[in-house]
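# Fold and geometry: a report
Spelled out, the chains give:
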Amino acid sequence: MDVETLSPVGVAPSDTRRLEILHQLERKLLWLSAWMVHHANHIRPNRDGLKVGGHQASCASVISIMAALYFEIARPQDRIAVKPHAGPVFHAINYLFGRQSIEKMEGLRALGGVQSYPSRVKDGPEVDFSTGSVGLGVAMTTFSALIQDYVRLHGLGRTDLPPGRHIAVAGDAELDEGNIYEALLEGWKHDVRDVWWIVDYNRQSLDSVVPDRLFGRIEGLFRDMGWNVVTLKYGRKLAAAFGRPGGDALRRWIDDCPNSLYAALTFQGGTAWRQAVLADLGRSRAVRAIVDPLSDDELATLMTNLGGHDIEAIIEALRAAAAEGDQPTCFIAYTIKGMGLPFAGHKDNHAGMMTKEQMAGFRAAMAIRPGHEWDRFEGLDLPAGELAEFLDGCPFAAKLTPEGRALTAPAIMVPAELPMPKVAGRKLSTQAGFGDMLAEIGRGQGPFKELAEHIVTASPDVTVSTNLGPWVNRRGIFDRHTRNDVFRDAKLASAQRWGMSPLGQHIELGIAEQNLFLLLGAAGLTHALTGARLLPVGTVYDPFVNRGLDALIYACYQDARFLLVSTPSGLTLAPEGGQHQSINTPLIGMAADRLASFEPAYVDELAILLRHAFSHIQQPEGSAVWLRLSTRQLQQPARELDLASVIAGAHWVVAPEPGARIAIAYEGPVAPEAEAAFAELRAEEPGAGLLAVISPDRLHAEWLGALRARRSGRRDARCHIERILSPLAPDAALVTVLDGHPATHAWFGAVRGQRVISLGPDHFGQSGDIPSLYQEYGIDTEAILDACAQALLPGQATAANILSVS
Ligand SMILES: Cc1ncc(C[n+]2csc(CCOP(=O)(O)OP(=O)(O)O)c2C)c(N)n1
Ligand SMILES: [Mg+2]
């Protein structure tokens with residue numbers, strides 16, 4: 001057949017011709033994804049003998065879905081999360097679009113090459129959402145759709161960009177993750193629109209084949225949450241067979257076939273299919289009339305003709321859903337893991353890889369010449385010009401904005417000082433100070449108008465108890481529909497207005513903390529995804545950062561920019577007791593990348609940090625920011641602070657005399673105990689210093705940076721903690737205290753080789769009042785003094801004999 005005459009270049013290909021092209025591109029994706037993994041494992045030199053890995057079977061199962069989506073259905077304004085193990089397919093698609101290089105693909109899983117799983121930061125602007133921790137990328141699309149609506153309804157978006165659809169191509173095991181259902185519920189509450197989840201239902205996860213009938217239950221759940229569910233079970237060949245006499249029996253047989261048997265037969269091939277089908281249905285002449293004329297290969301092709309491998313069926317289903325409107329839709333596309341590869345259907349194929357021999361056979365079947373493995377159209381049966389033209393004409397290939405897929409938004413001006421409540425001489429907690437400041441900004445007056453308009457707050461059912469209430473009273477709650485405040489309408493007294501409207505600026509979430517972090521992740525990428533700048537602020541109880549931790553890290557991994565306020569924290573929560581008293585969060589703050597963490601003790605420090613945060617989250621080299629706050633009310637000092645020191649993470653409250661033998665360092669609301677201990681210590685050690693530590697995280701990061709710089713030859717590189725500690729004698733002791741794990745400060749001793757005694761709770765908390773708990777966990781004044789004595793006299797001193805220490 002002369003293909004040129006069927007579709008001369010320059011004439012829009014007919015539907016049949018488009019299909020031919022799509023089938024060719026499917027072949028190409030199957031080849032390139034398998035080759036990418038093979039190359040990384042068998043061709044590229046391997047220096048450490050470690051298996052490089054990759055997932056040829058996971059890629060193969062999703063080829064038709066991805067081809068239908070990217071080559072036919074998706075538009076440039078759509079945002080797509082691709083299941084982690086389909087990374088190579090995704091990169092191959094971009095390569096065909098001219099947006100990915102061979103060098104990067106050759107470097108799959110090598111330093112500088114494409115990452116094992118799609119990564120926004122490392123793989124470049126084509127990746128809309130990083131994936132890897134299964135379930136999170138899927139759920140993320142719910143929140144990015146919600147935020148897109150938020151931006152549009154607030155008139156913040158760009159006019160050159162129509163709203164897009166938020167699509168996840170999901171592995172079926174992703175739906176085992178609880179965060180999926182949390183997101184479904186939350187999405188229902190917010191009436192989220194324009195979300196599609198396309199499930200690659202290969203009924204296999206990592207270990208094995210998944211239980212039968214599970215999806216019947218899951219389908220029901222989606223429908224209950226207001227989703228449309230479209231099941232793509234059978235392809236056209238099977239559908240045609242079912243329409244013939246005996247077809248009903250054949251359909252029933254396949255429907256009843258357990259997932260594991262179906263998978264095993266797929267792996268075994270035509271002879272096994274024939275035996276199995278005929279063992280049950282061999283007495284039906286009609287069934288035999290379907291089965292008998294087919295060769296083994298043809299029978300295997302028929303029996304594995306599932307909906308998720310029939311690109312026509314997929315395109316039709318996606319088109320139909322798009323035409324229906326914006327209802328969230330879940331497509332359950334039946335597939336076979338490893339389709340088209342030698343280990344198709346084998347239960348152990350997740351990390352399975354073609355051997356060199358199998359690859360040689362596959363290469364021959366794909367008509368790929370050695371040395372031409374990466375050629376764009378190698379082995380395809382259609383003219384390169386026509387394929388290239390087809391790709392150029394795909395809706396997804398259109399360049400909607402000058403920047404391409406990674407958008408930008410101008411920074412919002414942050415006034416030099418935030419409105420500061422009158423604090424000097426008052427007793428106030430950092431949490432209350434935060435609430436007051438945000439409420440003041442919420443007035444939106446003068447220089448704060450623009451800032452106020454771009455802030456969006458969110459909280460998982462702890463809005464009022466984290467002091468966001470006054471802000472919410474001013475700015476309202478966001479809802480796509482206006483809903484009255486029933487209590488207010490009924491004139492029932494309440495300090496809190498709870499009216500909702502499309503212009504509200506607080507997103508109230510249910511209690512599931514992972515949803516908060518996914519929302520912050522989505523809102524924190526708005527500049528890149530929608531070209532609108534949002535300043536997202538999320539509040540959560542400090543201990544429950546742990547509850548959403550993977551989603552928090554996921555948000556940071558994508559370089560989302562937001563302000564996290566966690567409060568209340570620590571033992572200081574006192575009567576609330578036990579599990580509500582966080583211990584490990586300061587350490588998380590230190591260890592989490594792209595998250596600058598601070599714990600101020602006083603509101604004047606908080607004011608500096610809040611301003612810094614709004615600016616820092618907008619800087620290209622900035623990051624998300626975390627403020628750990630407290631409900632403990634402290635008498636607020638009147639003083640001038642050095643901004644730079646507060647932001648760098650520590651400042652001297654009382655500077656030590658040069659050569660001093662000891663200093664006390666405190667972090668957060670244990671300040672009064674440290675101050676009291678310091679007053680006593682000073683009587684004996686007049687040169688001692690009192691250090692306010694505000695960010696072990698920033699101090700530590702800068703210290704590591706200085707050490708690295710010095711190792712690479714910049715001998716004069718110094719950091720804040722080195723400068724801060726420099727007045728102390730080289731062998732001076734440091735006693736540190738915080739309401740968090742003492743390891744947070746233990747490293748201070750390594751900076752100059754000083755002795756450090758770190759105080760802080762290292763066991764679960766319990767109910768009590770602050771004095772009894774501080775005493776019980778060794779962070780009260782007495783304990784600090786004991787530690788000073790011990791530090792000054794390595795041996796065993798106590799506060800009682802501190803006088804004899806010198
Ligand atoms: C949170 C999390 N837990 C475990 C893993 C390890 N893991 C990677 S893939 C996978 C199974 C994936 O199965 P599925 O989603 O069905 O993908 P496919 O069958 O398409 O490969 C598991 C358990 C992970 N990546 N993330
Ligand atoms: Mg699977």
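Computed from a predicted model, the values in this text were never measured in an experiment.

## Focus: the sheet that holds strand S19 (residues 728-738)
Working definition: the strands of a sheet are paired by backbone hydrogen bonds and lie parallel or antiparallel to each other. Strand order in the open sheet formed by five strands is S16-S18-S17-S19-S20, and the pairing between neighbours is mixed. Looking at which strands have only one partner, the edges of the open sheet turn out to be strand S16 (650-654) and strand S20 (755-759). Taking the axes of each pair of neighbouring strands and ignoring which way they run, one obtains an average angle of 25° across the sheet. In this sheet, strand S18 (residues 689-693) lies alongside strand S17 (residues 660-667) in parallel orientation, the contact comprising five bridges. By the bridge assignment, Ile 664 is partnered in S18 with Leu 690.

## So, the packing of helix H9 (residues 178-189) against helix H24 (residues 513-523)
Contact geometry for H9 and H24: axes closest at 9 Å, N-to-C directions at 75°. Comparing the axis directions of H9 and H24 gives the class roughly perpendicular. The residues of H24 that touch H9, namely those facing Asn 179, Glu 182, Ala 183 and Glu 186, are Gln 514, Asn 515 and Leu 518. Considered class by class, the residues forming the contact of H9 with H24 number two nonpolar, three polar and two charged.

## Side note on the site of ligand 1
Around ligand 1 sit 18 residues in total, of which Ser 58, Lys 83, His 85, Asp 172 and Lys 337 are the nearest. Here an oxygen atom of ligand 1 and a side-chain polar atom of Asp 172 are 2.5 Å apart. For ligand 1, whose free accessible area comes to 590 Å², the fraction covered by protein is 76%. Residues belonging to the shell around ligand 1 are distributed by class as follows: three nonpolar, nine polar and six charged.

## Brief notes about the layout of surface pockets
Counted as a void, the largest pocket has a volume near 1000 Å³. For the largest pocket, the lining is made up of 29 residues, of which Thr 301, Thr 304, His 309, Met 339 and Gly 340 are closest to its centre. Where the lining of the largest pocket is concerned, the elements lending two or more residues are helix H2 (15-43), helix H4 (63-73), helix H11 (236-242), helix H13 (259-268), helix H16 (296-303) and helix H17 (311-324). When residues of the lining of the largest pocket are assigned to their parent elements, the largest contribution, four residues, is made by H2. Of the residues contributing to the lining of the largest pocket, the split by class is eleven nonpolar, eleven polar and seven charged. Its boundaries defined by the atoms lining it, the second largest pocket holds a volume of some 490 Å³. In terms of lining residues, the second largest pocket is bounded by 18 residues, among which Glu 417, Met 420, Asp 604, Ala 607 and Ile 608 are the most central. Secondary structure elements with two or more residues in the lining of the second largest pocket: helix H28 (603-616) and helix H29 (643-648). For the lining of the second largest pocket, the leading source of residues is H28, giving five residues.

## Details of the coordination of the magnesium ion (ligand 2)
The magnesium ion (ligand 2) binds to the protein through Asp 172 (OD), Asn 202 (OD1) and Gln 204 (O), with metal-donor distances spanning 1.9 to 2.2 Å. Positions of the donor residues of the magnesium ion (ligand 2), expressed as sequence spacing, correspond to D-x29-N-x1-Q. The burial state of Asn 202 is the same as that of Gln 204; both residues are buried.

Calculation criteria
- Per chain, the residues get numbers from 1 upward, laid out in the order the sequence is written.
- Whichever chain is written first becomes A and whichever ligand is written first becomes 1, with later ones labelled in order.
- The predicted nature of this model means local features are confined to residues of pLDDT at least 70 and side-chain atom pairs, given and counted, to a pLDDT of 80 or more, with totals for whole chains, interfaces and linings taken over all residues.
- Heavy atoms from the whole structure form the basis of all side-chain values; hydrogens and water molecules are not counted.
- Strands are treated as partners if at least two bridges between them are detected by DSSP.
- Helix and strand definitions here come from DSSP, where helices need a minimum of 4 consecutive H or I residues and strands a minimum of 2 consecutive E residues; each element is numbered from the N-terminal end.
- Inter-axis angles, ranging from 0 to 180 degrees, are taken between N-to-C directions of lines fitted to C-alpha atoms, where helices are fitted over the stretch in contact.
- Any angle that is under 35 degrees is reported as roughly parallel, and any over 145 degrees as roughly antiparallel; angles of 65 to 115 degrees are reported as roughly perpendicular and all others as oblique.
- The contact criterion used throughout is that any non-hydrogen atoms of two residues lie within 4.5 Å.
- Amino acid classes used here: Ala, Val, Leu, Ile, Met, Phe, Trp, Tyr, Cys and Pro are nonpolar; Asp, Glu, Lys and Arg are charged; the rest, including Gly, are polar.
- Working definition: residue near molecule or strand if any one of its non-hydrogen atoms lies within 4 Å of it.
- Here a polar contact is recorded for every N or O atom pair within 3.5 Å, except that within protein the pair must consist of a potential hydrogen donor and a potential acceptor, and residues adjacent in sequence are included only if both atoms are side-chain atoms.
- Only the protein chains shown count as covering a residue, and every accessible area follows the Shrake-Rupley method with a 1.4 Å probe.
- Grid points spaced at 1 Å and placed over the protein atoms alone form the basis of the search, with a cavity being a set where a 1.4 Å probe fits but cannot get out and a pocket an open set showing protein on both sides within 12 Å along at least five of seven lines. Lining residues have an atom within 4 Å of a point.
- Grid points are joined across faces, edges and corners, and a volume is the space filled by probe spheres set on the points.
- Listed donor atoms are N, O and S within 2.8 Å of the metal (Na, K and Ca: 3.2 Å). As water is not included, a site may look incomplete.
- Throughout, exposure labels follow a simple rule: accessible area from a 1.4 Å probe, protein chains only, divided by the maximum for the residue type, with under 20% read as buried, over 50% as exposed, and the rest as partly exposed.

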